[in-house]
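Tertiary structure, described
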Amino acid sequence: MKSNDVILQTVTKIVTFIILTFAIYLFLAGHHEPGGGFIGGLVITSALTLLYLAFDIETVREGLPVDFKVVAAIGVFIAVATGMGSLLFDQPFLSQTFGYFNLPIFGKTELATAVLFDLGVALAVVGTGVTIILSISGDA
Amino acid sequence: MLLLYFTLLVPFLFALFVPLLYRYMPRIHTGWFVLVVPTGIFIYMINLIPIIAKGGKLLNSIPWIPTLGINYSTYIDGLTLLFGLLISGIGALVVLYSIYYMSKQREALHNFYVYLLIFMGAMLGIVFSDNIFVLYMFWELTSIASFLLIAYWYQRKQSRYGAQKSLIITVIGGLALLAGLILLSIMTNTFSIREMIEADQVIAKHPLFLPAMLLILLGAFTKSAQFPFHIWLPDAMEAPTPISAYLHSATMVKAGIYLVARFTPVFGGTIEWFWLVTGIGMITLLWGSFSAVKQNDLKAMLAFSTISQLGLIMCLLGIGSASLYVSTAILAALFHLINHSTFKGCLFMVVGIVDHETGTRDIRRLGGLMNIMPITFTLMIIGSFSMAGLPPFNGFLSKELFFTGVLEAAQLKIFHLERWGILLPILAWIASIFTFIYSMILVLKTFTGKYKPNKYEKKAHEAPLGMLISPILLASLVILFFFFPTILSNNLLQPAMKAVLPGLLEAGGVENTIEIWHGWTTEVFMTMGVALVGLLLYLSFPKWSGVYEYLPEKISFNYIYDRGLAGMEKLAAKITKTYMTGIVRDYLLYIFIFFVVVVGGSMVLLNSFTYYPASNGPISAYEVVLVLVIIAAAVLVMLTKSRLTAVIGVGVIGFVVAMFFVIFRAPDLALTQLVVETVTVALFLLCFYHLPELGRETGGAGFRAANLIVSLGVGVLVTLLALAAQSNPLAEPISTFFENSYQLAGARNIVNAILVDFRGFDTMLEILVLSIAGLGVYSLIKLPLTRRDNK
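Nothing here was measured: the structure is a model prediction, and the numbers come from that model.

Residue and element names in this part refer to chain B. Nonpolar side chains collect at one region of the surface, where Leu3, Phe6, Leu9, Leu13, Leu16, Phe17, Leu20, Tyr24, Met25, Ile28, Trp32 and Tyr100 lie side by side and expose about 1,200 Å² of accessible area between them. For the nonpolar patch, the element with the most residues is helix α1 (residues 2-24), which contributes 8 residues. The class of Leu16 is exposed, set by a relative accessible area of 59%.

Between chain A and chain B, the residue contacts involve 49 residues of the former and 42 residues of the latter. In this assembly, chain A packs against chain B so that about 3,900 Å² is buried in total across both faces, 76% of it on carbon and sulfur atoms. The interface formed by chain A and chain B includes 0 salt bridges. Where chain A meets chain B, there are 6 residue pairs in polar contact (both at pLDDT 80 or more). Contributions of two or more residues to the side of chain A that touches chain B are made by α2 (37-54), α4 (68-88), β1 (98-103) and α5 (113-138) of chain A. For the side of chain A that touches chain B, the class distribution of residues is 28 nonpolar, 16 polar and 5 charged.

On to α2(A). Counted at 1.5 Å a residue, the expected span for α2(A) with its 18 residues is 26 Å, and the 26 Å between its end C-alpha atoms agrees. Counting buried positions along α2(A) yields 14 of 18 residues, so the element is predominantly enclosed.

Residues and elements named next belong to chain B. For the coordinates displayed, the defined rule picks out 25 aromatic pairs over all chains. Their ring planes at 40° and their centres at 6.2 Å tell us that Phe263 and Phe267 sit as a pair that is tilted. Placement of both Phe263 and Phe267 in helix α12 (residues 255-267) is noted, with a separation of 4 residues, approximately one turn of the helix. Both residues of the pair, Phe263 and Phe267, belong to the buried class. Residues Trp287 and Phe290 carry aromatic rings whose centres are separated by 6.0 Å and whose planes lie at 40° to one another, so their mutual orientation is tilted. Of this pair, Trp287 and Phe290 both sit in helix α13 (residues 271-293), separated by 3 residues, roughly a single helical turn. The exposure class assigned to Trp287 is partly exposed, which follows from its relative accessible area of 30%. By way of ring pairs, the aromatic residues Phe227, Trp287, Phe290, Phe434 and Phe557 are connected into one cluster. Lying across the ring of Trp139, Lys223 places its NZ or CZ 5.1 Å from the centre.

We now examine helix α19 (residues 423-447) of chain B. Along an α-helix, a turn takes 3.6 residues, which lines up residues three or four apart on a common side. Between its first and last C-alpha atoms α19(B) spans 36 Å; for 25 residues at 1.5 Å apiece the expected length is 36 Å, and the two agree. Of all 25 residues in α19(B), 18 are buried, a share of seventy percent or more.

As a further point, take the environment of Pro542(B). Residues and elements named next belong to chain B. Relative to the helices and strands, Pro542 is located in helix α24 (residues 541-544). For Pro542, a relative accessible area of 65% puts it in the exposed group. Remark: the alpha-carbon pair of Pro542 and Leu316, spanning 226 residues in sequence, is separated by 33 Å.

Right, let's talk about the side chain of Arg262(B) for a bit. If you trace the backbone, Arg262(B) turns up in helix α12. A polar side-chain atom of Arg262(B) sits 2.8 Å from a polar atom in the side chain of Thr80(B).

Let us now look at the nonpolar core. Considering soluble globular proteins, one finds that nonpolar side chains tend to be buried as a cluster. Within the largest apolar cluster, 214 residues are counted, with the highest numbers of intra-cluster contacts made by Leu184(B), Phe263(B) and Phe267(B). Examining the composition of this core, we find that 18 residues originate from one element, helix α15 (residues 328-358) of chain B, more than from any other. Two domains share this core, each providing at least three of its residues, namely domain 1 (1-267) and domain 2 (269-539) of chain B. Phe263(B) has contacts with Leu181(B), Leu184(B), Ile193(B), Met196(B), Ile216(B), Gly268(B) and Trp273(B), leaving out every residue within four places of it along the chain. The next biggest cluster of nonpolar side chains, apart from the first, holds 24 residues, and it includes Leu42(A), Val76(A), Phe93(A) and Val756(B).

Cut-offs applied
- As a convention, each chain's residues are numbered from 1 in the sequence order in which they are written.
- Ligands are numbered from 1 and chains lettered from A, in the order in which they are written.
- For a predicted model such as this one, the threshold for reporting local features is a pLDDT of at least 70, and the threshold for listing and counting side-chain atom pairs is 80 or more; totals across whole chains, interfaces and linings nevertheless cover every residue.
- Remark: hydrogens and water are excluded; side-chain values derive from all non-hydrogen atoms of the structure.
- Excluding any residue in a salt bridge, patches collect residues exceeding 30% relative accessible area, merging like charges within 9 Å and nonpolar Val, Leu, Ile, Met, Phe, Trp and Tyr side chains within 5 Å.
- Here the open area of atoms and residues is found with the Shrake-Rupley method and a 1.4 Å probe, where only the protein chains shown may cover a residue.
- Salt bridge, as used here: a side-chain nitrogen of Lys or Arg that lies within 4 Å of a carboxyl oxygen of Asp or Glu.
- Strands are runs of DSSP state E lasting at least two residues, helices are runs of H or I lasting at least four, and both sets are numbered from the N terminus onward.
- Throughout, exposure labels follow a simple rule: accessible area from a 1.4 Å probe, protein chains only, divided by the maximum for the residue type, with under 20% read as buried, over 50% as exposed, and the rest as partly exposed.
- In this analysis, two residues are considered to be in contact whenever any of their non-hydrogen atoms come within 4.5 Å of each other.
- Here the buried area means the combined drop in accessible surface, using a 1.4 Å probe, for two parts upon being joined, counting both sides.
- Each polar contact in these results corresponds to two N or O atoms within 3.5 Å; when the atoms are within protein, one needs to be able to donate a hydrogen and the other to accept it, and residues that are neighboring in sequence are counted only if both atoms are side-chain atoms.
- In this classification, the charged set is Asp, Glu, Lys and Arg, the nonpolar set is Ala, Val, Leu, Ile, Met, Phe, Trp, Tyr, Cys and Pro, and all remaining amino acids, among them Gly, are polar.
- Working rule for helices: expected span equals 1.5 Å times residues minus one.
- What counts as a ring pair is set by centres within 6.5 Å for rings of Phe, Tyr and Trp (its six-membered ring), and what kind of pair is set by the plane angle: stacked under 30 degrees, edge-to-face over 60, tilted for all other angles.
- Think of it as a cone above the ring: NZ of Lys or CZ of Arg counts as a charge over the ring if it is within 6 Å of the ring centre and within 35 degrees of the ring normal.
- The criterion is simple. A nonpolar core is a set of buried Ala, Val, Leu, Ile, Met, Phe, Trp, Tyr and Cys residues joined through side-chain atoms within 4.5 Å.
- Domain delimitation follows an automatic or database domain assignment.

See below:
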């Protein structure tokens, strides 16, 4: 895809950050508002896809030297590992828990182990999505 | 008791770090790190001996999948501990030996030790778990570890063949075992082996008794290489020698023995169990020792010898199952189990040394190494003479006990033994003669005779000290057990016997003791006869070795296995080729037809096409408009001549569905759907160039009609299904449970709470599947490319 995409590239530079910010918001909001790891991951994927479309794969890879297969693997690993974590506390596999803490800046905040699990989900989705997209487009 | 669980999991945990150690500590042989694991476990187990010897039992349970009743329960009694000590003890020695055997420079050590640790953990898991499903899982894991280890030098065709053979045979047995265990759990309504043993009366009267017994025996016989499933063991000798010593002689092949011993209280005492276990054991003993004599490869000889020794233990367990009458047999079985591990482990290591230092294991080339490798020679003598049943080695004691066992059995008046019983001592005696012969071949052909340097690939010399430590330790045990059998008997064998024969405990305890000398008994004369006839036959071996050539090749089990496998592959290929056309459209057709037939058929049969419009909410104008848009887009996709239009049409459908979610107030679904659509359209754009021209199918009217019928069928069926599902609430809706998500999971977003908490297990497996699918796409696209580049 070698064409002169000045407009697309310029827009992408700004929009990507907006999308990524939104993705992080979605991810963190998932506990109480619409969102979550799966959607967050998908939105990140779409942001990256936009990057790959606007620039070429090589350029993006230089700026973002990440092997997304590994990202997917890390995601699955985190998900399984958090599941294992509950075994250490004598609970069945994959038990989640939550609690309320007083943090310095945020005030009273809820922290839940489910978020860690969700992080695994998000990484797995990003890794898999980008891997698929890159493999298909890399064949061009 | 957390320490115990930790101990059992250590091999798996440590396996995670092995590749790192291998990579970042290349100077130090990885084996030194690994050695810590079995040694530590061994010491821990030793500490448990006093508790168990006093009759204590340890039972613990951690819920694993509580909803299915699967708990990781461990149960330690004498039998478990005996095996635990074997696994960790021999494991430690084997790892030590492998440090010198496996070259640091040439071998992929991290793979080797990871597989080894997985095996060790799995094997410990088998003997320690009380839950049948946990046991089964570990059972199969040992098969897989064995497969990987046999195929360790996977570049060799023979290694791959042996690995595949062992996997096929042991996994078939494993599945039979699973079926048998499930039958047992149906009968007794429990997943715990301990509770099954307590319910033996229920099982004995149940009509499923015999099928369960046969299935479990099939599992045990395949694993323990019993006739006629023994054929995988000689081929498994392609594995590195430390592995042969560990898995294929000392531990894994004894898993079947363990299973039989463990289930003796359940099945024992019946005529079927007695004759099956005894008979198969005896045939294996005889056939194994007979076949061992004709081998030219030292390791093949040891493999057949292992088969025959396993048969011997199996046979003793069978005899011992008639426990009220002969209690010697179980003692002999357990004693020989340990003895076999010591002397056979030692022999395998010695053969490994010979192979390592001379470059060959062929007895036609070996000879005259006595003066060059004096220590190895001594070790070989100790191991072989023990195997042959000569004093002063532990093999003598257990062989004597074996004879006592079969002689006692011959005098029984049950299970038709009054007619057939006399066969047992006779066959046992014949088998022992062959055992004696190949034991002599092992020693004499390798070490005596003339040393011919030109027959070796390298200059023979004595092995380094480190390589000798393990066999020396085992050989000293061989002698030690001969002089002090009581220590072993009191601390390990008696508690283990109580586990195999719980009835004995109530009947007044076990009184058998092992004595070195108990007078001029029949057993002693039998041993002398074995030595005498064996020696004569050994000396005259060239004259009668022609016997082996009369064995027809075509009726051997190997031949049947090979032909069966080839035939099965051919048949499978033929069947697969008929429906795997390589055209995606055909595959979709299969899926849709299957769906229509199965779902539609069952709905017709169950008469479940119902529709109650009354329970539906009102239909708003928005919804009507959206439905119309969807219909228009779908028709467009069908009729358009351009692929781009079709892609856009499909995209429209997706976005409209997202709008439906908005109308029905499901923001999560709407968001997801929107993003998925976006990414999908991007994907379509990417592969757009690769897709072929969208030519309308030129198939005839019949082709189009068939497609029309299938698509109409799917569409109608799905609609009816959705309507019927709405109006047929089979059970109370569970959505009220999820509405409490804020109290239960601290989350106000029900959808996400379901995803990550309530149904977290589903999500975990889903992302796993997702990643596998991603890797699948990647490898489908990338791998052929790289190969093309290489050319």
